[in-house]
Amino acid sequence: MFESLSDRLGSVFKKLKGQGKLSEKNIQDGLKEVRLALLEADVHYKVVKTLIAAIKERAVGQEVLESLTPGQQVVKIVNEELTNLMGGANEEINLGGGHPASIMLVGLQGSGKTTTAGKLAVYLRGQGRKPYLVPADVYRPAAIEQLTKIGKELSIPVYPSDTDSKPEKIAELARIKCAQEGCDTMILDTAGRLHIDDELMAELGRIKATTPPSDILLVADAMTGQDAVNMAKAFNDAMDVGGVILTKMDGDARGGAALSIRSITGKPIKFIGTGEKSNAFEAFHPNRMASRILG
Ligand code: GDP
């Protein structure tokens, strides 16, 4: 994950580590490399600009801590600024505001939404919750089958949706059934399209209005880089999502999406998907991600 970015930054900082003192000149040279590495990693140029300015302001003229070499100190500043850029701390999923709680997953087709519904259910079960899966993509019978199969494999109950019902009706009835089944957290897998369109947003809006969710999580494919960021912005503008789940972080994504999403959309990444298996899923921690990126 992020190999190109961490390799690039690693060699930049190796050069800096050899410096006894940090001057404005060698900080400049180092930051130029950092800037290039971030741009190559597909981080949005505006984000890079803000980040470099913040790092520079802190690095130049700062007294070097005795315990650190100047190079280590710059690494520390970059690490902290990357962490801030991604939101500082982990933001937890919101499970409040209704019994049962309801999590709405939204996103484009192929982003990993259905797989993620299963993963999130397993994760929440590990936290002592009783999840209930609800397929609400009525356009693709295969999508209902896929989630039903996932639920069976994971021993998690699934609402028996049918393609003749309206998604908002499914959400409403499923919530009642969820409580009847003794479950406390319903996970709604909504329809996806290949592209964002008004009709989809209207449908998602109706589900949101009839069954107000505790949280709306946008599922975005990290492999699509800048497109994932633009898509996240469009979804958030229309739906006011509560957070993002970035999938396929095990792939050779260059890291741009993870670094840009928070500052472009204002919404936190709450979880990442790191593989196809149901346990390849973890809470997103900006500081851990920053350390991973810096190698
Ligand atoms: P949906 O159309 O959004 O519901 O997408 P699916 O859940 O069907 O996933 C599309 C493809 O992405 C499937 O082949 C999944 O196995 C795969 N996938 C989902 N999440 C991840 C992930 O975190 N890592 C990897 N490598 N593959 C994933």
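Our subject is the structure that appears above.
Residues numbered from 1 in each chain as written. Predicted model: local features only at pLDDT ≥ 70, side-chain atom pairs only at ≥ 80, totals over all residues. Heavy atoms only, no water.

Novice: Honestly, the packing of aromatic side chains in this entry has me stumped. Any pointers?
Specialist: Within a pair of aromatic rings, the relevant descriptors are the distance that separates the centres and the angle that separates the planes. Inspection of every chain in the model, using the stated rule, returns three aromatic pairs. For the ring pair Y123 and F271, a centre distance of 5.0 Å and an interplane angle of 75° mean the geometry is edge-to-face. Remark: F271 occurs in strand 6 (residues 269-273) and Y123 occurs in helix 5 (residues 113-126); sequence separation between them is 148 residues. For Y123, a relative accessible area of 24% puts it in the partly exposed group. By the ring-pair criterion, three or more aromatic residues cluster together here, those being Y123, F271 and F281. R193 extends its terminal NZ or CZ atom over the ring of Y139, reaching a point 5.3 Å from the ring centre. (Phe/Tyr/Trp six-rings, centres within 6.5 Å; stacked < 30°, edge-to-face > 60°. Helix = DSSP H or I, 4+ residues; strand = E, 2+ residues; numbered from the N terminus. Buried < 20%, exposed > 50% of the residue type's maximum accessible area, 1.4 Å probe, protein only. Lys NZ or Arg CZ within 6 Å of the ring centre and 35° of its normal.)

Novice: What exactly am I supposed to notice about helix 7 (residues 167-180) here?
Specialist: Since the α-helix turns once every 3.6 residues, residues separated by three or four places project in the same direction. Here helix 7 spans 20 Å end to end across 14 residues, near enough to the 20 Å set by a 1.5 Å rise per residue. If you check which residues of helix 7 are buried, you get P167, E168, I170, A171, A174, R175 and C178. Against strand 1 (101-106), strand 2 (131-136), strand 3 (185-190) and helix 8 (198-210) lie the buried residues of helix 7. The first or second residue beyond helix 7 is G182, which carries a positive phi of 80°. (Expected span 1.5 Å × (residues − 1). Contact = heavy atoms within 4.5 Å.)

Novice: Explanation requested: the sheet that holds strand 2 in the structure shown.
Specialist: Strand pairing within a sheet occurs via backbone hydrogen bonds; the two strands may be parallel or antiparallel. Across the sheet, seven strands lie side by side as 2-3-1-4-5-6-7; this open sheet has mixed pairing. The outermost strands of the open sheet, each flanked by one partner alone, are strand 2 and strand 7 (281-283). This sheet shows a mean twist of 25° between the axes of neighbouring strands, independent of strand direction. Inspection of the sheet shows strand 1 paired to strand 3 by five bridges, in the parallel sense. In the sheet register, A101 faces strand 3, and the bridge partner there is T185. The strands touched by helix 8 within the sheet are strand 1, strand 2, strand 3 and strand 4 (215-221), with strand 1 carrying the most contacts at an inclination of about 175°. Sheet contacts for helix 9 (residues 226-239): strand 1 and strand 4; angle to strand 4, the most-contacted strand, approximately 160°. (Pairing = 2+ DSSP bridges. Axes fitted to C-alpha atoms, helices over the stretch in contact; angles between N-to-C directions.)

Novice: Even after reading the chapter, I still don't get the site of the ligand, so can you show me in this structure?
Specialist: Neighbouring the ligand are 16 residues; G110, K113, T114, T115 and E276 lie closest to it. A distance of 2.8 Å is found between an oxygen atom of the ligand and a side-chain nitrogen or oxygen belonging to T114. Notes on the ligand: free accessible area 590 Å², of which the protein chains cover 79%. In terms of residue count, the dominant contributor to the shell around the ligand is helix 5 (four residues). Looking at side-chain class alone, the shell around the ligand contains one nonpolar, ten polar and five charged residues. (Near = heavy atom within 4 Å. Polar contact = N/O pair within 3.5 Å; in protein donor to acceptor, adjacent residues only side chain to side chain. Areas by Shrake-Rupley, 256 points an atom, 1.4 Å probe, with all protein chains shown as cover. Nonpolar A, V, L, I, M, F, W, Y, C, P; charged D, E, K, R; others polar.)

Novice: Would you take a moment to explain unusual backbone geometry for this structure?
Specialist: Leaving glycine aside, a negative phi is the common case for residues, and trans is the common case for peptide bonds. Phi angles above zero are rare outside glycine, and D240 is one such case at about 50°. In this structure, K248 is a non-glycine residue whose phi angle is positive, near 60°. Relative to the elements of secondary structure, K248 occurs in the loop between strand 5 (243-247) and helix 10 (256-265). What makes K248 partly exposed here is its relative accessible area of 31%.

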